[in-house]
Amino acid sequence: MEGSLAGKVAVITGGASGIGRALAEAMLAEGMQVMIADIEAGRLEQAATELGVTGVPTDVSDPDQVAALAGRAVAQFGTVHIMCNNAGIGPMAPVVDLTLRDWQWMIDVNIKGVVHGITHFLPILRANPEGGHFLNTGSMASMMPVPTLATYCTAKYGVLGLSEVLAMEMATAGEKIGVTVLCPGPVQTDLGSSTRNRPAHLAGNLSDVLLEDSEQFKEAAVDWISPARAARIALDAIRRGDLYAITHPGMWPEVAARQDAIARAFADEAKRREMQA
(Lines give C-alpha, C1' and ligand atoms only; values in the text may rest on other atoms or scores of the structure.)
Protein backbone atom coordinates (compact mmCIF):
# COMPACT_ATOMS: atom_id res chain seq x y z
CA MET A 1 0.00 0.00 0.00
CA GLU A 2 1.71 3.15 -1.21
CA GLY A 3 2.13 6.24 0.89
CA SER A 4 1.89 6.82 4.60
CA LEU A 5 -0.11 4.37 6.70
CA ALA A 6 -0.98 7.05 9.24
CA GLY A 7 -4.73 7.38 9.66
CA LYS A 8 -5.44 4.21 7.69
CA VAL A 9 -7.82 1.64 9.22
CA ALA A 10 -6.88 -1.97 9.92
CA VAL A 11 -8.96 -4.88 11.20
CA ILE A 12 -7.06 -7.87 12.61
CA THR A 13 -8.55 -11.26 13.44
CA GLY A 14 -6.73 -13.32 16.02
CA GLY A 15 -5.64 -9.92 17.28
CA ALA A 16 -5.50 -10.59 21.02
CA SER A 17 -2.17 -12.43 21.02
CA GLY A 18 0.79 -13.62 18.98
CA ILE A 19 1.32 -12.21 15.51
CA GLY A 20 -2.12 -10.57 15.55
CA ARG A 21 -1.38 -8.48 18.60
CA ALA A 22 2.08 -7.67 17.28
CA LEU A 23 0.48 -6.44 14.05
CA ALA A 24 -1.81 -4.21 16.06
CA GLU A 25 1.15 -2.77 17.97
CA ALA A 26 3.13 -2.17 14.78
CA MET A 27 0.20 -0.53 13.03
CA LEU A 28 -0.60 1.70 15.99
CA ALA A 29 3.04 2.81 15.96
CA GLU A 30 2.47 3.87 12.33
CA GLY A 31 -0.42 6.07 13.42
CA MET A 32 -3.11 3.72 12.10
CA GLN A 33 -6.58 3.14 13.51
CA VAL A 34 -6.97 -0.48 14.58
CA MET A 35 -9.78 -2.86 15.50
CA ILE A 36 -8.93 -6.32 16.81
CA ALA A 37 -11.09 -9.43 16.86
CA ASP A 38 -10.59 -12.71 18.68
CA ILE A 39 -12.53 -15.75 19.86
CA GLU A 40 -11.12 -15.47 23.41
CA ALA A 41 -13.24 -12.78 25.04
CA GLY A 42 -11.13 -12.36 28.19
CA ARG A 43 -7.82 -12.11 26.39
CA LEU A 44 -9.42 -9.82 23.78
CA GLU A 45 -10.72 -7.44 26.43
CA GLN A 46 -7.32 -7.26 28.09
CA ALA A 47 -5.49 -6.68 24.81
CA ALA A 48 -7.98 -4.05 23.64
CA THR A 49 -7.64 -2.19 26.94
CA GLU A 50 -3.84 -2.32 26.92
CA LEU A 51 -3.64 -1.24 23.28
CA GLY A 52 -6.39 1.36 23.50
CA VAL A 53 -8.38 -0.11 20.60
CA THR A 54 -11.80 -1.62 20.02
CA GLY A 55 -12.01 -5.37 20.48
CA VAL A 56 -14.82 -7.37 18.88
CA PRO A 57 -15.42 -10.98 20.00
CA THR A 58 -15.41 -12.97 16.76
CA ASP A 59 -15.35 -16.63 15.79
CA VAL A 60 -14.02 -16.47 12.23
CA SER A 61 -15.54 -19.88 11.42
CA ASP A 62 -18.97 -18.21 11.67
CA PRO A 63 -19.66 -16.06 8.59
CA ASP A 64 -22.33 -14.08 10.43
CA GLN A 65 -19.87 -13.04 13.13
CA VAL A 66 -17.35 -11.93 10.49
CA ALA A 67 -20.11 -9.97 8.74
CA ALA A 68 -20.91 -8.31 12.06
CA LEU A 69 -17.22 -7.47 12.50
CA ALA A 70 -17.19 -5.79 9.10
CA GLY A 71 -20.28 -3.83 10.04
CA ARG A 72 -18.72 -2.68 13.32
CA ALA A 73 -15.59 -1.51 11.51
CA VAL A 74 -17.53 0.54 8.97
CA ALA A 75 -19.79 1.98 11.66
CA GLN A 76 -16.80 3.10 13.72
CA PHE A 77 -14.32 4.16 11.04
CA GLY A 78 -16.35 4.61 7.86
CA THR A 79 -14.11 2.28 5.87
CA VAL A 80 -11.26 -0.25 6.11
CA HIS A 81 -7.89 -0.11 4.36
CA ILE A 82 -6.15 -3.28 5.58
CA MET A 83 -7.91 -6.52 6.51
CA CYS A 84 -5.68 -9.00 8.32
CA ASN A 85 -7.11 -12.52 8.13
CA ASN A 86 -4.79 -13.76 10.84
CA ALA A 87 -6.80 -16.01 13.18
CA GLY A 88 -5.66 -19.62 13.08
CA ILE A 89 -5.12 -22.88 14.94
CA GLY A 90 -2.25 -25.36 14.77
CA PRO A 91 -2.67 -28.73 16.56
CA MET A 92 -1.15 -31.91 15.12
CA ALA A 93 -1.95 -35.58 14.45
CA PRO A 94 -0.93 -38.23 11.90
CA VAL A 95 -3.42 -38.73 9.06
CA VAL A 96 -4.29 -42.25 10.30
CA ASP A 97 -5.54 -40.77 13.58
CA LEU A 98 -7.64 -37.95 12.12
CA THR A 99 -11.42 -37.85 12.40
CA LEU A 100 -13.82 -35.90 10.24
CA ARG A 101 -14.34 -33.55 13.18
CA ASP A 102 -10.61 -32.84 13.19
CA TRP A 103 -10.76 -31.89 9.52
CA GLN A 104 -13.89 -29.80 10.01
CA TRP A 105 -12.44 -27.77 12.87
CA MET A 106 -9.18 -27.03 11.06
CA ILE A 107 -10.84 -26.14 7.76
CA ASP A 108 -13.57 -24.05 9.43
CA VAL A 109 -10.99 -21.84 11.16
CA ASN A 110 -7.88 -21.83 8.96
CA ILE A 111 -9.40 -21.66 5.48
CA LYS A 112 -13.06 -20.74 5.87
CA GLY A 113 -12.05 -18.01 8.31
CA VAL A 114 -10.00 -16.39 5.54
CA VAL A 115 -12.80 -16.94 3.02
CA HIS A 116 -15.25 -15.23 5.36
CA GLY A 117 -12.88 -12.31 5.86
CA ILE A 118 -12.40 -11.81 2.13
CA THR A 119 -16.10 -12.22 1.36
CA HIS A 120 -17.26 -9.62 3.86
CA PHE A 121 -14.40 -7.12 3.59
CA LEU A 122 -13.73 -7.15 -0.15
CA PRO A 123 -16.76 -4.94 -0.92
CA ILE A 124 -15.55 -2.47 1.72
CA LEU A 125 -12.05 -2.31 0.28
CA ARG A 126 -13.37 -2.00 -3.27
CA ALA A 127 -15.59 0.93 -2.22
CA ASN A 128 -12.67 2.71 -0.57
CA PRO A 129 -11.33 5.37 -2.99
CA GLU A 130 -7.87 4.90 -1.47
CA GLY A 131 -7.93 1.19 -2.16
CA GLY A 132 -6.93 -1.45 0.33
CA HIS A 133 -4.93 -4.53 1.15
CA PHE A 134 -5.51 -8.06 2.44
CA LEU A 135 -2.94 -9.68 4.70
CA ASN A 136 -3.70 -13.40 4.89
CA THR A 137 -1.67 -15.40 7.39
CA GLY A 138 -0.50 -18.62 5.79
CA SER A 139 2.54 -20.53 6.96
CA MET A 140 5.78 -22.05 5.78
CA ALA A 141 3.48 -25.09 5.74
CA SER A 142 1.69 -23.35 2.85
CA MET A 143 4.72 -24.25 0.73
CA MET A 144 6.00 -27.58 2.04
CA PRO A 145 4.57 -30.81 3.46
CA VAL A 146 5.13 -31.40 7.18
CA PRO A 147 4.38 -34.80 8.75
CA THR A 148 1.63 -34.71 11.43
CA LEU A 149 0.41 -31.39 10.00
CA ALA A 150 -1.84 -32.73 7.24
CA THR A 151 -4.90 -30.74 8.32
CA TYR A 152 -2.81 -27.61 8.84
CA CYS A 153 -0.97 -27.97 5.52
CA THR A 154 -4.23 -28.59 3.69
CA ALA A 155 -5.75 -25.39 5.03
CA LYS A 156 -2.62 -23.28 4.67
CA TYR A 157 -1.97 -24.49 1.10
CA GLY A 158 -5.51 -23.24 0.48
CA VAL A 159 -4.76 -19.84 1.99
CA LEU A 160 -1.76 -19.52 -0.32
CA GLY A 161 -3.73 -20.48 -3.44
CA LEU A 162 -6.61 -18.20 -2.52
CA SER A 163 -4.24 -15.29 -1.94
CA GLU A 164 -2.44 -15.84 -5.25
CA VAL A 165 -5.67 -16.00 -7.24
CA LEU A 166 -7.16 -12.97 -5.48
CA ALA A 167 -4.01 -10.96 -6.22
CA MET A 168 -4.16 -11.92 -9.91
CA GLU A 169 -7.84 -11.09 -10.21
CA MET A 170 -7.48 -7.72 -8.48
CA ALA A 171 -4.56 -6.79 -10.74
CA THR A 172 -6.39 -7.91 -13.88
CA ALA A 173 -9.48 -5.93 -12.92
CA GLY A 174 -7.42 -2.83 -12.20
CA GLU A 175 -8.57 -2.75 -8.59
CA LYS A 176 -6.47 -0.82 -6.09
CA ILE A 177 -6.40 -3.79 -3.75
CA GLY A 178 -3.19 -5.58 -2.87
CA VAL A 179 -2.74 -9.00 -1.32
CA THR A 180 0.04 -10.33 0.88
CA VAL A 181 0.24 -13.86 2.23
CA LEU A 182 2.39 -14.05 5.34
CA CYS A 183 4.26 -17.37 5.45
CA PRO A 184 5.87 -17.60 8.88
CA GLY A 185 8.33 -20.20 9.97
CA PRO A 186 8.70 -20.76 13.73
CA VAL A 187 7.39 -17.79 15.71
CA GLN A 188 7.18 -17.54 19.49
CA THR A 189 3.38 -17.71 19.87
CA ASP A 190 0.91 -19.99 21.63
CA LEU A 191 -0.29 -21.59 18.38
CA GLY A 192 0.75 -24.88 19.96
CA SER A 193 -2.04 -24.63 22.55
CA SER A 194 -4.91 -24.09 20.15
CA THR A 195 -7.20 -26.78 21.60
CA ARG A 196 -8.10 -24.40 24.42
CA ASN A 197 -10.58 -22.90 21.94
CA ARG A 198 -11.84 -26.13 20.38
CA PRO A 199 -15.66 -26.45 20.34
CA ALA A 200 -16.89 -29.46 22.30
CA HIS A 201 -19.01 -30.69 19.40
CA LEU A 202 -15.87 -30.91 17.24
CA ALA A 203 -13.78 -32.94 19.68
CA GLY A 204 -11.31 -35.27 17.97
CA ASN A 205 -7.72 -36.47 17.91
CA LEU A 206 -5.79 -33.33 17.00
CA SER A 207 -3.59 -32.47 19.96
CA ASP A 208 -1.45 -29.59 21.15
CA VAL A 209 2.25 -30.12 20.52
CA LEU A 210 4.87 -27.48 21.16
CA LEU A 211 6.75 -27.11 17.91
CA GLU A 212 10.01 -26.67 19.77
CA ASP A 213 9.51 -30.20 21.16
CA SER A 214 8.80 -31.83 17.78
CA GLU A 215 11.46 -34.03 16.21
CA GLN A 216 11.59 -31.93 13.03
CA PHE A 217 12.60 -28.79 14.89
CA LYS A 218 14.88 -30.58 17.34
CA GLU A 219 16.93 -31.87 14.41
CA ALA A 220 17.10 -28.56 12.56
CA ALA A 221 18.79 -25.34 13.52
CA VAL A 222 15.59 -23.34 13.74
CA ASP A 223 15.60 -19.58 14.14
CA TRP A 224 12.68 -18.77 16.41
CA ILE A 225 11.61 -15.16 15.94
CA SER A 226 9.35 -12.89 17.95
CA PRO A 227 5.81 -11.98 16.88
CA ALA A 228 7.04 -8.39 16.61
CA ARG A 229 9.62 -9.42 14.02
CA ALA A 230 7.01 -11.32 12.01
CA ALA A 231 4.65 -8.35 12.17
CA ARG A 232 7.33 -5.96 10.93
CA ILE A 233 8.12 -8.27 8.00
CA ALA A 234 4.41 -8.38 7.15
CA LEU A 235 3.97 -4.61 7.41
CA ASP A 236 7.00 -3.95 5.23
CA ALA A 237 5.62 -6.40 2.63
CA ILE A 238 2.27 -4.58 2.64
CA ARG A 239 4.03 -1.27 2.15
CA ARG A 240 5.99 -2.65 -0.84
CA GLY A 241 2.97 -4.45 -2.27
CA ASP A 242 4.68 -7.86 -2.05
CA LEU A 243 2.56 -10.95 -2.54
CA TYR A 244 4.75 -13.13 -0.31
CA ALA A 245 6.03 -12.17 3.14
CA ILE A 246 8.73 -14.65 4.17
CA THR A 247 9.98 -14.70 7.76
CA HIS A 248 12.56 -17.49 7.41
CA PRO A 249 14.48 -17.38 4.11
CA GLY A 250 16.76 -20.07 5.53
CA MET A 251 13.94 -22.60 5.14
CA TRP A 252 14.12 -22.35 1.34
CA PRO A 253 15.85 -25.76 0.93
CA GLU A 254 12.79 -27.55 2.35
CA VAL A 255 10.47 -25.58 0.06
CA ALA A 256 12.81 -26.07 -2.91
CA ALA A 257 12.78 -29.84 -2.39
CA ARG A 258 9.05 -29.88 -3.06
CA GLN A 259 9.38 -27.52 -6.02
CA ASP A 260 12.17 -29.67 -7.48
CA ALA A 261 10.08 -32.83 -7.14
CA ILE A 262 7.26 -31.18 -9.09
CA ALA A 263 9.69 -29.96 -11.75
CA ARG A 264 11.12 -33.48 -12.11
CA ALA A 265 7.63 -34.92 -12.55
CA PHE A 266 6.96 -32.51 -15.41
CA ALA A 267 10.33 -33.23 -17.02
CA ASP A 268 9.91 -37.00 -16.64
CA GLU A 269 6.48 -36.96 -18.29
CA ALA A 270 7.77 -34.78 -21.13
CA LYS A 271 10.63 -37.23 -21.69
CA ARG A 272 8.27 -40.22 -21.74
CA ARG A 273 6.14 -38.53 -24.38
CA GLU A 274 9.21 -37.79 -26.50
CA MET A 275 10.18 -41.45 -26.37
CA GLN A 276 6.67 -42.55 -27.35
CA ALA A 277 6.49 -40.16 -30.32
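For the structure itself, consult the block above.
Residues numbered from 1 in each chain as written. Predicted model: local features only at pLDDT ≥ 70, side-chain atom pairs only at ≥ 80, totals over all residues. Heavy atoms only, no water.

### Re the packing of helix α1 (residues 18-29) against helix α2 (residues 41-51)
Now for step 1: Two elements in contact, α1 and α2, have axes whose closest approach is 11 Å; the angle formed by their N-to-C orientations is 15 degrees. As summarised for this structure, α1 and α2 are arranged roughly parallel, according to the angle between their axes. The chirality of how α1 crosses α2 is right-handed. Contacts between α1 and α2 involve Arg21, Ala24, Glu25 and Leu28 on the former and, on the latter, Ala47, Glu50 and Leu51.
Now for step 2: Here the residues of the contact of α1 with α2 sort into four nonpolar, no polar and three charged. (Axes fitted to C-alpha atoms, helices over the stretch in contact; angles between N-to-C directions. Helix = DSSP H or I, 4+ residues; strand = E, 2+ residues; numbered from the N terminus. Parallel < 35°, antiparallel > 145°, perpendicular 65-115°, else oblique. Left-handed = near helix turned anticlockwise from the far one by under 90°. Contact = heavy atoms within 4.5 Å. Nonpolar A, V, L, I, M, F, W, Y, C, P; charged D, E, K, R; others polar.)

### A short note on the pairing of strand β1 (residues 9-13)
Now for step 1: Among the five residues of β1, five are classified as buried, and the element is accordingly described as predominantly covered.
Now for step 2: Alternating positions in β1 separate into two faces, Val9, Val11 and Thr13 on one and Ala10 and Ile12 on the other, with burial throughout.
Now for step 3: The sheet contact formed by β1 and strand β2 (residues 33-38) spans five bridges and is parallel. Paired with Thr13 across the strands is Ala37, a residue of β2.
Now for step 4: What joins β1 to β2 is α1, and the crossover it makes is right-handed.
Now for step 5: Direction of pairing for β1 relative to strand β4 (residues 82-85): parallel, over a ladder of three bridges. (Buried < 20%, exposed > 50% of the residue type's maximum accessible area, 1.4 Å probe, protein only. Pairing = 2+ DSSP bridges. Right-handed = clockwise from strand over helix to strand, strands pointing away.)

### With respect to helix α6 (residues 150-172)
What sets the pattern is the α-helix's 3.6 residues per turn: residues three or four places apart point alike.
Now for step 1: Helix length check: α6 (23 residues) gives 33 Å between terminal C-alpha atoms against 33 Å at 1.5 Å per residue, within 8%.
Now for step 2: Within α6, the full set of buried residues consists of Thr151, Tyr152, Cys153, Ala155, Lys156, Val159, Leu160, Ser163, Leu166 and Met170.
Now for step 3: Taken together, the buried residues of α6 touch α4 (100-110), α5 (112-127), β5 (132-137), β6 (177-183) and β7 (244-246). (Expected span 1.5 Å × (residues − 1).)

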